Amino acid sequence: MSAYGDPELERELKARAVRAGILRSALLWVPVAAVTVGAFLFFLYDRTAGGGERGSTWFLVVVLGFLAFLFGYQAVQSVLDLFAKPRVRQGRVTRMWSRRDSLVLKTYYVRVDRQILRADAHAVAGVREGDWVEVTYYPHSAVLVWAEVLKEPGGGDEARGQGRGPAGGGGPGPIERR
């Protein structure tokens, strides 16, 4: 049996894949953050209490503090999402765009009302600007698990086309679901 024929199985596989990505992110960033925070604390102690005998400078302390904050932020987001369940909410897609995070990977971004979510092409298939959607996402890292286009509450089919101008992309989403 193919997973592409069963929507429930397809959603479950997608949710597992996103969860595995969050686990990989935690496994990458937690050790890096721990080493950087440890180095920051060591050199901060050396600079303030040790007189700089082990080669610390204020420049090194500031750079390590900045890096410890950045790596720690990524690590905390991943760890919090490992212990959190995905959230579900409804809203209007006010903007969609994509960019290449590296030479190979293309990441899609969806703004649902005022919240920006990061997704892959499969998660946002068939979703366009102006659509009323129900999104499933992880709250701390803002990773979109699934987006489903719904009928707008209050029967607003005439308002469905708003926000789709020439610059807004009136065509289909990045890929179409079959």
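Remember, it's a predicted structure, so these values are computed and weren't measured experimentally. (Residues numbered from 1 in each chain as written. Predicted model: local features only at pLDDT ≥ 70, side-chain atom pairs only at ≥ 80, totals over all residues. Heavy atoms only, no water.)

Below, the discussion takes up the overall build of the protein chain. On a plain count of helices and strands, the protein chain comes out with two helices and five strands. Counting over 178 residues, the protein chain shows a buried share of 34%. Of the roughly 11,200 Å² of accessible surface on the protein chain, 61% is carried by carbon and sulfur atoms. (Helix = DSSP H or I, 4+ residues; strand = E, 2+ residues; numbered from the N terminus. Buried < 20%, exposed > 50% of the residue type's maximum accessible area, 1.4 Å probe, protein only. Areas by Shrake-Rupley, 256 points an atom, 1.4 Å probe, with all protein chains shown as cover.)

Within strand β4 (residues 132-138), six of the seven residues are buried, which leaves the element mostly enclosed by the surrounding structure. As defined by bridge partners, strand β1 (residues 87-100) adjoins β4 across six bridges and the pair is classed as antiparallel. Within β4, the position partnered with Gly91 by the bridge is Val133. As judged from the seven bridges shared by β4 and strand β5 (residues 143-150), these two strands associate in the antiparallel manner. Its bridge partner being in β5, Val133 is matched across the sheet by Val149. Between β4 and β5, which pair antiparallel one after the other, the connecting turn spans four residues, and Ala142 there sits at a positive phi close to 55 degrees. (Pairing = 2+ DSSP bridges.)

The general pattern is negative phi for most residues beyond glycine and trans for most peptide bonds. Positive phi outside glycine occurs at Asp113, with the angle close to 55 degrees. Looking at where Asp113 falls in the secondary structure, it is placed in the loop between β2 (106-112) and β3 (115-119). A residue is classified by how much of its surface remains accessible, and Asp113, at 30% relative accessible area, is partly exposed. At Ala142, a position not held by glycine, the phi torsion is positive, near 55 degrees. Checked against the element boundaries, Ala142 lands in the loop between β4 and β5.

This model, assessed by the stated rule, comprises six salt bridges. Where Glu148 meets Arg11, a salt bridge forms, and the shortest distance between an N and an O atom there is 2.1 Å. Placement of the pair is Glu148 in strand β5 and Arg11 in helix α1 (residues 7-48), with a sequence separation of 137 residues. On the basis of relative accessible area, Arg11 is assigned to the partly exposed category, the value being 29%. When the shortest N-O distance is used, the salt bridge between Glu152 and Arg92 registers 2.4 Å. Placement of the pair is Glu152 in the segment after β5 and Arg92 in strand β1, with a sequence separation of 60 residues. Taken as a pair, Glu152 and Arg92 share a single burial class, namely buried. (Salt bridge = Lys/Arg side-chain N within 4 Å of Asp/Glu carboxyl O.)

Another point: α1. With 42 residues, α1 ought to run about 62 Å at 1.5 Å a step, and its terminal C-alpha atoms sit 59 Å apart, in line with that. Every buried residue of α1 is listed here: Glu10, Lys14, Val18, Ile22, Ala26, Ala33, Thr36, Phe43 and Asp46. Check the buried side of α1 and you find it contacts α2 (58-82), β4 and β5. (Expected span 1.5 Å × (residues − 1). Contact = heavy atoms within 4.5 Å.)

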